[in-house]
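Below are the chains, spelled out letter by letter.
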Amino acid sequence: MIDVAPFVIVAGVTLVRIGWTGRLVVAVAGWALIAVALTACTRDTGAWGLAVGTVAGMAAAFATLLWSGWATPVRTWRPDRERVAAISGEGSLALMRRASVFLVVVPGGGLVSLLLAFGLQAAGRRAGVGEADAAACLLLSLPVIWASLLAWQMTRDGLRQMIVPLFLLAAVGSFLGMAR
């Protein structure tokens, strides 16, 4: 499978790119194709297969982004007056809001990501995965979880909505870590 998987992953990345135009079904099919190919690579050759598939996906995504950036016409930039007015407020309240967002997203998200990664490691150990593979799962999943959580949080409108993902992932991580 490792011979064919990079091509399947490139096809998946292409489908995701086509899905950018608003075709959600095509984008989901692309992500599913990537996930199936990576799973097959991992089952076939372990961490090496996952590494080869991941590198193929990153290279295809990088090439797709370069091509999209090159092919997209440049738009004229006009500042959004409402947005500028909303963030230009100087004072202690604005500073406290920014500090709160930072604390929720960076250290809060990092700790919750670590908790979920430890939960995945514990679940892997219970499932019979070797110690080294469980540790590799922890080390590989932590930055992916943290980056995904950060992206999710930063697309929320308010601080309360940024906290909800923390509680959800903390609950999942705790459940995975404590389940028998």
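The structure we're discussing is the one just above.
Note that the coordinates shown come from a computational prediction; the quantities given were computed from them, not determined experimentally.

Caption draft 1: Local environment of the pattern of salt bridges. Considering all chains together, one arrives at one salt bridge under this definition. Put simply, Glu131 and Arg125 hold a salt bridge, and the shortest N to O gap is 3.4 Å. For Glu131, a relative accessible area of 52% puts it in the exposed group.

Caption draft 2: Region of the structure containing the environment of Val36. As for its placement among the helices and strands, Val36 is situated in helix α2 (residues 24-45). Taking the C-alpha atoms as reference points, Val36 and Leu93, 57 residues apart in sequence, are found 48 Å from one another.

Caption draft 3: Region of the structure containing helix α6 (residues 131-154). The terminal C-alpha atoms of α6, which comprises 24 residues, lie 34 Å apart, in line with the 34 Å expected from a rise of 1.5 Å per residue. The largest bend along α6 measures about 30 degrees and falls at Ser141, with the proline Pro143 one to four residues further on. Within the sequence span of α6, burial applies to Ala134, Leu138, Ser141, Ile145, Leu149 and Gln153.

What counts, and at which threshold
- Residues numbered from 1 in each chain as written.
- Predicted model: local features only at pLDDT ≥ 70, side-chain atom pairs only at ≥ 80, totals over all residues.
- Heavy atoms only, no water.
- Salt bridge = Lys/Arg side-chain N within 4 Å of Asp/Glu carboxyl O.
- Buried < 20%, exposed > 50% of the residue type's maximum accessible area, 1.4 Å probe, protein only.
- Helix = DSSP H or I, 4+ residues; strand = E, 2+ residues; numbered from the N terminus.
- Expected span 1.5 Å × (residues − 1).
- Bend = angle between axes of the 7 residues up to and from the residue.

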